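Structural description and commentary
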Amino acid sequence: MATALAVSPTRMELMKLKKQLNLAQRGHDLLKEKMDALVMEFFEIFRKIQESRTKALEQLSTAYRALTNCFALMGTLETVQAARETRRELQIEISSRYLMGISIPAVEFGEIQRNALTRGYGLHMTSSVLDEAAREFERALGLLVELAETEAVAFAIARELEKTKRRVNALEYILIPRLKGALKFIMMRLDEMERENFTRLKRIKAIIEEHR
Amino acid sequence: MNADRLIKFELARLNAHLPERRISLKEALSLTKPQVPTRDGSVHSFKRKELEILAKLLPEADWEKLQLPIFIALEPKLGRGAAKVSGEVEAKVAAKLLGKEAARELLIYRPEVALLRRNLPTTTQYLFVW
């Protein structure tokens, strides 16, 4: 292990390694805290996604029911014709906000629901069931945009979580054990050198005494 | 060793999302777009709904004292999962939300942190202390 780090068994190196180990352990503890916080945020977002998805699916189901009614009462061709006459541009502002250093999207949009006069189709040839279907689909659109934002946030958090986990693991299973191994090696080597010196001194002392 | 530089970089990045300066609840309520610039050059916005929740929880005299965002300090020495909310008014408002006894410094645990973040996602922020 010591060879992997290419350390020389000196006291200076020992002090340097102790500092590095201290920093690595501090980094590991903090990154683990960050990981815990990210997991918490992820579960919270996951809960929100489930809620948003349920709402969006319910709304879509209501909207499609309204559309089926519209097809039945107004006629398929007339409904398709009215839909072709409708024009829409939805202004969505996508900015980013930061959560623990992760850039996550923040979606803002204006009023999605319009009244029958502003939708673009003629009122004299259409029925109120078309207005209802359009209203329901506009509501669904709002919910789908919200769901998209929440899912994008979840993906961003998940990516950061993966990165943080990799770093925590690298510190926990590679760097810290390596540093500990190198420290142990230097301490053992220094102890050994001390014992060698001690023995050498004893031997020299014995030789000197022999010569007296 | 490169690992050292990497760890230092990671540690420096941990608190990059924090604001350059905090603003009081009173100031935030008076702004049309309540937000603060952050250290990494971005902007952190507060949701008005949350500001109103905080305003309801505190008497008007404390609006000036409450500094936003409220920091949830994560400190390894507190133990894994424990966090601290510092500041008298900040701790008071967190204690009220969590149904705990108010103190100058409030020590909270993971489920409480989650609850606090759920209720105040933009007016609270994590702070990593080492």
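Residues numbered from 1 in each chain as written. Chains lettered and ligands numbered in written order. Predicted model: local features only at pLDDT ≥ 70, side-chain atom pairs only at ≥ 80, totals over all residues.

A separate point is the overall build of chain B. When helices and strands are counted, chain B shows 5 helices and 8 strands. In chain B, the order of α-helices and β-strands from amino to carboxyl end is α-β-α-β-β-α-β-β-β-α-β-α-β. Scaling as 2.2 N^0.38, a compact globule of 130 residues should have a C-alpha radius of gyration of about 14 Å, and chain B matches this with 15 Å. When burial is assessed residue by residue, chain B has 31% of its 130 residues classed as buried. Pairs at least 24 apart in sequence give 50% of the contacts found in chain B among residues at least 6 apart. (Helix = DSSP H or I, 4+ residues; strand = E, 2+ residues; numbered from the N terminus. Rg over C-alpha atoms; globule rule 2.2 N^0.38 Å. Buried ≥ 20, exposed ≤ 12 C-beta atoms within 10 Å, placed from the backbone. Contact = placed C-beta atoms within 7 Å.)

Listed by partner, the interface residues are 22 residues for chain A and 27 residues for chain B. Of all the secondary-structure elements, those providing two or more residues to the side of chain A that touches chain B are helix H2 (11-74), strand S1 (92-99) and helix H4 (128-211) of chain A. It is H2 of chain A that provides the largest number of residues to the side of chain A that touches chain B, a total of 15 residues. Among the residues making up the side of chain A that touches chain B, the classes are represented as 10 nonpolar, 3 polar and 9 charged. (Nonpolar A, V, L, I, M, F, W, Y, C, P; charged D, E, K, R; others polar.)

Another point: unusual backbone geometry. Note that the residue after Leu 68 of chain B, namely Pro 69 of chain B, is joined by a cis bond; omega there is 0°. Mapped onto the elements, Pro 69 of chain B comes out in the loop between strand S4 (67-68) and strand S5 (70-74).

Residue and element names in this part refer to chain B. The geometry of helix H4 (residues 88-98) relative to helix H5 (residues 110-119) is characterised by a closest axis approach of 10 Å and an angle of 100° between their N-to-C directions. Compared by their axis directions, H4 and H5 come out roughly perpendicular. In this structure, H4 uses Ala 94, Leu 97 and Leu 98 to contact H5, whose residues at the interface are Glu 112, Leu 115, Leu 116 and Asn 119. A breakdown of the residues in the contact of H4 with H5 according to their chemical character gives 5 nonpolar, 1 polar and 1 charged. (Axes fitted to C-alpha atoms, helices over the stretch in contact; angles between N-to-C directions. Parallel < 35°, antiparallel > 145°, perpendicular 65-115°, else oblique.)

All names here are of chain A. Pairing of S1 with strand S2 (residues 102-109) involves 8 bridges; the strand directions are antiparallel. Within the sheet, the bridge partner assigned to Arg 97 lies in S2 and is Ile 104. What sits between the antiparallel neighbours S1 and S2 is a turn of 2 residues, in which Met 100 has the positive phi angle 50°. (Pairing = 2+ DSSP bridges.)

Turning our attention to the sheet that holds strand S6 (residues 83-86) of chain B. Residues and elements named next belong to chain B. Here 4 strands make up an open sheet; going across it, the order is S7-S6-S5-S8 and the pairing mixed. Single-partner strands in this sheet number two, and they are strand S7 (105-108) and strand S8 (124-128). Here the average twist between neighbouring strands, direction ignored, is 30°. Sheet analysis places S5 next to S8, joined by 5 bridges and oriented parallel.

Residue-level pLDDT values for chain B average 88, and 99% of them are 70 or greater. Listed scores for the predicted complex are pTM 0.81 and ipTM 0.83. (pLDDT = per-residue confidence, 0-100.)

Right, let's get into H5 of chain B. Residues of H5 of chain B that are buried include every one of Glu 112, Val 113 and Leu 116 of chain B, and no others. Taken end-on, H5 of chain B shows its buried residues confined to a sector of 105°, consistent with a single buried face. In this fold, the buried residues of H5 of chain B make contact with H2 of chain A together with S5, S6, H4, S7 and S8 of chain B. (Arc of directions from axis to C-beta.)

A few words now on the environment of Ala 61 of chain B. Residues and elements named next belong to chain B. Relative to the helices and strands, Ala 61 is located in the loop between helix H3 (48-57) and S4. Its 8 C-beta neighbours within 10 Å are what place Ala 61 among the exposed residues. For the pair formed by Ala 61 and Lys 26, sequence separation is 35 residues and the distance between their alpha carbons is 9.6 Å.

Attention now moves to the environment of Ala 154 of chain A. Residues and elements named next belong to chain A. Relative to the assigned elements, Ala 154 resides in helix H4. Sequence separation between Ala 154 and Arg 135 is 19 residues, and the spatial gap between their C-alpha atoms is 29 Å. Ignoring anything within four residues of it in the chain, the contact list for Ala 154 reads Phe 42, Ile 45, Phe 46 and Ile 49.

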